[in-house]
Every structure is written in C-alpha cells, then in structure tokens.
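Chain residues, written in single-letter form:
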Amino acid sequence: QVQLVESGGGLVQAGGSLRLSCAASGSIFSIDAMGWYRQVPGKQRELVASITDGGTTHYKDSVKGRFTISRDNAKNTVELQMNSLETGETAVYYCNAERVISGPRRYLERWGQGNLVTVSS
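Residues numbered from 1 in each chain as written. Predicted model: local features only at pLDDT ≥ 70, side-chain atom pairs only at ≥ 80, totals over all residues. Heavy atoms only, no water.

1. Describing the packing of aromatic side chains
- This model, assessed by the stated rule, comprises 2 aromatic pairs.
- Here tyrosine 37 and tryptophan 111 contribute two aromatic rings whose centre-to-centre distance is 4.9 Å and whose plane-to-plane angle is 70°, an arrangement assigned as edge-to-face. Separated by 74 residues along the polypeptide, tyrosine 37 in strand β4 (residues 28-39) and tryptophan 111 in strand β10 (residues 105-111) bring together distant segments of the chain.
- Judged by its relative accessible area of 31%, tryptophan 111 falls in the partly exposed class.
- Here tyrosine 94 and tryptophan 111 contribute two aromatic rings whose centre-to-centre distance is 6.4 Å and whose plane-to-plane angle is 90°, an arrangement assigned as edge-to-face. Here tyrosine 94 is found in strand β9 (residues 91-102), whereas its partner tryptophan 111 is found in strand β10, with 17 residues between them in sequence. (Phe/Tyr/Trp six-rings, centres within 6.5 Å; stacked < 30°, edge-to-face > 60°. Helix = DSSP H or I, 4+ residues; strand = E, 2+ residues; numbered from the N terminus. Buried < 20%, exposed > 50% of the residue type's maximum accessible area, 1.4 Å probe, protein only.)

2. Examining the state of the cysteines
- Under the counting rule described, the total for this entry stands at 1 disulfide.
- Disulfide pairing places cysteine 22 opposite cysteine 95 at an S-S distance of 2.1 Å. One disulfide, between cysteine 22 and cysteine 95, carries an S-S torsion of -80° and so falls in the left-handed class. Residue cysteine 22 is located in strand β3 (residues 18-25), and its partner cysteine 95 is located in strand β9; the two are separated by 73 residues in the primary sequence.
- Given a relative accessible area of 2%, cysteine 22 falls into the buried group.
- Among the residues examined, cysteine 95 registers a relative accessible area of 0% and is labelled buried. (Disulfide = S-S within 2.5 Å.)

Below you can see the structure in the form of structure tokens.
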C-alpha cells in the first residue's frame, strides 16, 4: 500500500514563509509526477505546483516567483517552499503522486491526508 505523509503546515502571517514536505512510502519503484494541490471549503481542489521525475515543473500562475517545488526521487519525497504568502492562500494543502509503481501494483494517483495552512493578516 502506497501512502503519502505530509508535514509542515501551520499558521503564518501574510508575507511569511512555510515549507511543506511529503514522503511516499510502500516499496515504491517509481512515481511519474508529484505535486501539491490546495482546497478551501466550497471550492474545487486546485493544482498549485507539480514536478515530474525528470524535474520539469509547473506552477499555478499566481504562485510563480514565490513558491518552489522540489523533489528527491531516491527518497520519494516532494517539498513546497512557499514565500510571501497571502491571506487568500489559506487552504488545506494536499500532496499528490501520479502513476505510481509499487511492486506488482500500479496506482493512477495517491493523495496525502492534507495539511492546513493558515495565513493571517
């Protein structure tokens, strides 16, 4: 069973920084893409940033220049460094892994448990 465990959420003032981390476990052979999504109540979950196993990154336009996604393929971890956070970015942030191969099993995607990030004014 592949699991994603997140850490690093919490409370920060507007303009501050937080770093989210996510570790995938479960005898993983490969993970195609890993990313971070966020969701606020009443709205759809949205992609914040993603990174492929080759290091190609993609960012939501509003976070470009402020957020940085990084990945360690050997450790099956992904991190999101968030700088200059804005109050409107308060949300539950979810780690995501796509096209995961673990032994004989293949998963289209797996999700972390979600971590609340609160940005205060």
